[in-house]
Amino acid sequence: MTPISVEVIGYTYRPCGPFPCDKDRSCGLVECFEKETMVFAFPALEKALNEKYGDRVSVTLTSLDAGIPERVVEIVRVDHPPLPIILINGKLVPVGAVSVPRISEYIDAAL
């Protein structure tokens, strides 16, 4: 079986979602609670998805810190997604945050 690819695109020290996490709005990642930057959120997401899906899912981070790849410029030009951008199998999904429950919905649909 071909693994599902999850790509997170964003800035390392920028927020990992539009709202702060709290007891009512949880992204499912306790490791980065109250830190809320990609540098903490991405490793926590990768660990959570690997625990949930094993080798059926590969998770990568594309950092925009050193510049914006042309393919990302095109995604922004066409779709105007919020950061962080989430791609499942190369396709933009309307998540706009590092969130295990929301990203899992798209992974489950692709499996």
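Structure's up top.
Given the structure is predicted, the values throughout are model-derived calculations rather than measurements.

Trainee: Mind showing me how you'd approach the overall build of the protein chain here?
Mentor: Helix and strand counts for the protein chain stand at three helices and four strands. Secondary structure elements in the protein chain, listed N-terminal to C-terminal, are β-α-β-α-β-β-α. Taken over the C-alpha trace, the protein chain has a radius of gyration of 13 Å; the compact-globule value for 111 residues is 13 Å, and the two agree within 12%. Judged by the C-alpha coordinates and their principal axes, the protein chain covers about 35 × 35 × 20 Å.

Trainee: What am I meant to see in the packing of aromatic side chains here?
Mentor: One pair of aromatic rings is described through two measures. These are the centre distance and the angle between the planes. Going through the model one piece at a time under the given rule, you end up with zero aromatic pairs. Here the guanidinium or amino end of Lys 35 rests over the ring plane of Phe 40, the centre of that ring lying 5.1 Å away.

Trainee: What exactly am I supposed to notice about the nonpolar core here?
Mentor: A general feature of soluble globular proteins is that nonpolar side chains tend to end up buried together. Counting residues in each nonpolar core, the largest one holds 26 residues, and the members touching the most others are Leu 29, Ile 103 and Ile 107. Only strand E1 (4-10), helix H1 (38-53), strand E2 (57-63), strand E3 (85-88) and helix H3 (100-110) provide two or more residues apiece to this core. Here this core takes eight residues from H1, the largest share from any one element. Ignoring any residue separated from it by four or fewer positions in sequence, one finds Leu 29 in contact with Ala 41, Ala 44, Leu 45, Ala 48, Val 98 and Val 100. Core analysis: the next-biggest nonpolar cluster, separate from the first, contains six residues, Leu 64, Val 72, Ile 75 and Ile 85 among them.

Definitions and cut-offs
Residues numbered from 1 in each chain as written. Predicted model: local features only at pLDDT ≥ 70, side-chain atom pairs only at ≥ 80, totals over all residues. Heavy atoms only, no water. Helix = DSSP H or I, 4+ residues; strand = E, 2+ residues; numbered from the N terminus. Rg over C-alpha atoms; globule rule 2.2 N^0.38 Å. Phe/Tyr/Trp six-rings, centres within 6.5 Å; stacked < 30°, edge-to-face > 60°. Lys NZ or Arg CZ within 6 Å of the ring centre and 35° of its normal. Core = buried A, V, L, I, M, F, W, Y, C linked by side-chain atoms within 4.5 Å. Buried < 20%, exposed > 50% of the residue type's maximum accessible area, 1.4 Å probe, protein only. Contact = heavy atoms within 4.5 Å.

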